[in-house]
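For reference, the chains in residue letters:
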Amino acid sequence: MPKTNNRYDLLAVIFLFLLAMIFEYREAFSLLEDEMLSYRQLMRTYYADPEVTEPIEDVLIVFTDEAFYEEYDKYPLRRVDLSTLIIRLAEMNASVIGVDMLLDFNSAYGEDPTLADAFAQAGNVLLVSQAQFEGDEFQHINTAIPRFDELTSNGYSNISSNSAVLQSIVRLRVYPEIAAEGTWPFAVQAVANYLGTEPELDGQTLRFGDLEVALDQFNDLYIDYPLLRSSGDGGTVKLHDVTGIPASEILFAHDAEELEDLSYLVDGRIILIGEVAEVAHDEFETPVGNVFGVEIIANTITTLLKGAPLRAAPFWVEFGILLALMLLFVYTRTLTEPLRRNGLSLGAIILFLVLNGYFYIYSGLVISMSYALIASVLAMIIINARFYLAEMGQKAQIRDMFGQYLSPKVVADLVKDPEKLSLGGEEREMTAFFSDIAGFSSFSEKMTPTELVNALNDYLTAMCQIIVDLEGTVDKFEGDAIIAFWGAPAIQLDHATQACFAAIDMQKAVHQIRDRFVEEGRPAISVRMGLNTGRMVVGNMGSAQRMDYTIMGDSVNLASRLEGANKAYGSDIMISGMTYEACKDEVDVRELDTIRVVGKNEPVTVYQLLERKGQTDPDTAALVARFHEALDCYKARDYQGALAGFEACVAMRPEDGPSGVYAKRCAAYIESPPAADWDGVFVLTDKG
């Protein structure tokens, strides 16, 4: 194996882990991190101590669902009935009555005085508000209408995902700028009211008197969602079914005795009134599945009252883990045995994942996972890539040897899939190219054999370079003729476009070669080209002793015929209608004719390829426009009009071959018109 003492992988590994440290502290990949946290939370609900993960009894949800509204026979809950709920809950000695309904508009039915009286009578109602932002900048709090706001406390409940892509609710963020104005998240204010104290934010610590809750560097609280038992139908029971009662049991109670029987559920608790009906569209993704908004609030309150069982690991712990992994991967660079090197790398990654999950499940320690994992995987790839590239150096000589005989792309394809060395081919849509030097016999007679070889080498080298640059494959040379194709061995969706671009560039190069040959005293050179797109067979063909990677089929033969058909029209590049349709948005053309070539009965419309789209010079564009007008007359059998048009084209450019050909043809048709049943197809009688 070649030496592997390059240092780029060492620098790359160090850079990756340093970058991971920065991204980890700034939480640049909250999408991945929160997704991985979701899996750990699910495992925590199953394997952690039930006393830690089960819902506590301090919170009770009084909910309205589909069954409630079916009995209630209207939607939404009227404010007069909400006032009845609040008064009855207060009489049942609720500690805090949280209403998860934004009452920021006046009732159209005159119900507000009744509800205001209920708020005043209860004296412990907490209403939902919304924090308004422009981008990340806080603007103001949208509270309930003033008559309600004066009688209640409020807390904002618009919790959102940290990720712009993933919508899972994982954390609650406490905004210091909002807290400074005395407004807190709904769950925080509910706990403060319940404990009879004012919340206080001191750095990354949230205090409720003696109760301290640790937040992370962004003042986020990790919500500890509880385990919910199976519903028996493949799903899980919702939190409101475990720690809640339907609002109908309180609102529709017939007498005080029924309410007294329910008072033990309410006495001394935080009561949350909220919607769990699908029509309310208040359901969100969480690590334990879809959860209603009021349930997220309940889980957040439970997390706060438990003192935040989930807490972010200190940065020095995160830094130490990343540093240890970085040093390990630096060490693996010295191990040349792949099994040992990759075994150690994978073992370290698996150990990191296991320990990370263990501390999360049993200790509530949240250690970032995605950053170290991504850095480790990339480091492993980079280190292995270095060894792989070193091994590939041994194959370079083989590629160089075969590259003398085959297209580099063919060689690369064969190295990737050696089975392609067997005889046979496959059928696919491709574009075939044929070119030939016009009047080659006269061209060659004017030079000695040595001069001819040198001239051909100059010409063929320039042409082949253009073909290769535009991702074509040179099939073979037949004297001065070049056969090439696009669309194999690699699949090219734009093979027709690339082939046409190559032909355009080759004609430009021919003009330069012609000028140089004339300056050097050599004969001028002129080249005809033909292109066709269609189904053809491509592959290794020949004998077991000698094979060529080549193309075959009727579509190939047509490309060859089109190259020769240029002679009949005095054109330089002729393409078929199939090729034009495949790349008509990319090239400028001149329609030439509909012809029937030698050996084929099917007519084909042919075009002269001019330039890349929009790059035809103004004089040529004007000529083509006039030519097409004349061609329309020709197709309509107005041979007098067509003759005038084509003669005008000849006047514009005397050397224009197609115009001259059509002028002569029209003059002949004026003298002797074609038969009345002529289909307009011009039949070529020789191959060119």
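See above for the structure.
Residues numbered from 1 in each chain as written. Predicted model: local features only at pLDDT ≥ 70, side-chain atom pairs only at ≥ 80, totals over all residues. Heavy atoms only, no water.

Asks: Where do I start with the overall build of the protein chain in this structure?
Replies: Looking only at helices and strands, the protein chain features 26 helices and 25 strands. In summary, the protein chain has a C-alpha radius of gyration of 41 Å against a globular reference of 26 Å for 688 residues, an excess of more than 25%. Dimensions along the principal axes, computed over C-alpha positions, put the protein chain at roughly 115 × 70 × 45 Å. Burial analysis of the protein chain (688 residues in total) assigns 48% to the buried set. Across the protein chain, every contact between residues at least 6 apart in sequence was considered, and the portion connecting residues at least 24 apart equals 73%. Just so you have it, the protein chain exposes about 33200 Å², and 53% of that area is on carbon and sulfur atoms. Between the averaged position of the 52 positive side-chain charges in the protein chain and that of its 101 negative side-chain charges there is a distance of 14 Å. (Helix = DSSP H or I, 4+ residues; strand = E, 2+ residues; numbered from the N terminus. Rg over C-alpha atoms; globule rule 2.2 N^0.38 Å. Buried < 20%, exposed > 50% of the residue type's maximum accessible area, 1.4 Å probe, protein only. Contact = heavy atoms within 4.5 Å. Areas by Shrake-Rupley, 256 points an atom, 1.4 Å probe, with all protein chains shown as cover. Lys, Arg positive; Asp, Glu negative; His and termini not counted. Charge placed at Lys NZ, Arg CZ, Asp CG, Glu CD.)

Asks: Honestly, the pairing of strand β3 (residues 125-134) in this entry has me stumped. Any pointers?
Replies: Within a regular beta strand, the side chains point alternately toward one face of the sheet and then the other, so they alternate between its two faces. One ladder, built from three bridges, connects strand β2 (residues 96-99) with β3; its direction is parallel. When the bridges of β3 are listed, I97 appears paired with V125. For β3 and strand β5 (residues 153-156), the ladder comprises four bridges, and the chain directions are parallel. Paired with L126 across the bridge in β5 is S153. Examined bridge by bridge, β3 and strand β4 (residues 137-142) share five bridges and lie antiparallel to one another. Bridging across to β4, Q132 finds its partner in H140. If you look at the hairpin formed by β3 and β4, you'll find two residues sitting between the two strands, and G135 has a positive phi there, around 70°. (Pairing = 2+ DSSP bridges.)

Asks: I'm lost on a nonpolar patch on the surface in this one. Help?
Replies: Together, M43, Y46, Y47, L227, L351, L355, Y358, F359 and Y362 make up a nonpolar patch on the protein surface, roughly 950 Å² of accessible area in all. Elements with a contribution of two residues or more to the nonpolar patch: α2 (30-47) and α15 (338-363). Tracing the chain through its elements places Y362 in helix α15. Among the residues examined, Y362 registers a relative accessible area of 47% and is labelled partly exposed. (Patch = residues over 30% accessible without salt bridge, like charges linked within 9 Å, V, L, I, M, F, W, Y side chains within 5 Å. Salt bridge = Lys/Arg side-chain N within 4 Å of Asp/Glu carboxyl O.)

Asks: In this structure, what is going on with helix α26 (residues 657-671)? I would like to understand it.
Replies: Three or four residues apart is the spacing at which side chains of an α-helix point the same way, because the helix has 3.6 residues per turn. With 15 residues, α26 extends 22 Å from end C-alpha to end C-alpha; this agrees with the ideal 21 Å at 1.5 Å per step. Contacts made by the buried residues of α26 are with α22 (554-569), β23 (587-596), β24 (604-612), α24 (618-635), α25 (639-652) and β25 (682-683). (Expected span 1.5 Å × (residues − 1).)

Asks: Just checking my understanding: could you explain a negative patch on the surface for this structure?
Replies: Residues D255, E257, E258, E260 and D261 make up a contiguous surface patch of negative charge. On the basis of relative accessible area, E260 is assigned to the exposed category, the value being 59%.

Asks: Is there a simple way to explain the pairing of strand β9 (residues 211-214) in this structure?
Replies: Because side chains alternate across β9, one face comprises the buried residues L211 and V213, and the other comprises E212 and A214, none of which is buried. For strand β8 (residues 205-208) and β9, the ladder comprises four bridges, and the chain directions are antiparallel. Bridging across to β9, F208 finds its partner in L211. Once β8 ends, the chain turns through two residues before running back antiparallel as β9, passing G209 with a positive phi of about 65°.

Asks: What's the story with unusual backbone geometry in this structure? I'm lost.
Replies: Both trends apply: most residues other than glycine have a negative phi, and most peptide bonds are in trans. The step from Y75 to P76 runs through a cis peptide bond, and the omega angle for that step is 0°. Its identity is not glycine, yet N93 carries a phi of approximately 70°, on the positive side. Tracing the backbone through its elements, the reader meets N93 in the loop between α5 (79-91) and β2. For N93, a relative accessible area of 45% corresponds to the partly exposed category. Here R637, not a glycine, exhibits a phi torsion of approximately 70°, which is positive. Looking at where R637 falls in the secondary structure, it is placed in the loop between α24 and α25.

Asks: Can you walk me through the packing of aromatic side chains in this structure?
Replies: The description of two aromatic rings rests on the distance between their centres and on the angle between their planes. Inspection of the entire model under this criterion finds 27 aromatic pairs. With a centroid separation of 5.7 Å and an interplanar angle of 80°, the aromatic rings of Y358 and F359 are classed as edge-to-face. The class of Y358 is partly exposed, set by a relative accessible area of 45%. A network of ring pairs unites the aromatic residues Y569, F627, Y634, Y639, F646, Y662, Y669 and W678 as a single cluster. Its guanidinium or amino end placed over the ring of F105, R79 lies 4.6 Å from that ring's centre, counting from NZ or CZ. (Phe/Tyr/Trp six-rings, centres within 6.5 Å; stacked < 30°, edge-to-face > 60°. Lys NZ or Arg CZ within 6 Å of the ring centre and 35° of its normal.)

Asks: Is there a simple way to explain the nonpolar core in this structure?
Replies: General note: in soluble globular proteins, nonpolar side chains tend to be found buried as a group. With 40 residues, the main nonpolar core has F433, Y459, I525, I575 and L609 as its most contacted residues. In terms of residue count, the dominant contributor to this core is helix α21 (residues 495-519) (12 residues). Those residues in contact with I575 that lie beyond four places of it in its chain are C500, L531, L562, Y580, V589, T605, V606, Y607 and L609. The next biggest cluster of nonpolar side chains, apart from the first, holds 38 residues, and it includes L85, I97, A247 and A253. (Core = buried A, V, L, I, M, F, W, Y, C linked by side-chain atoms within 4.5 Å.)

Note that every value here comes from positions in space, so none of it alone points to a role or purpose.
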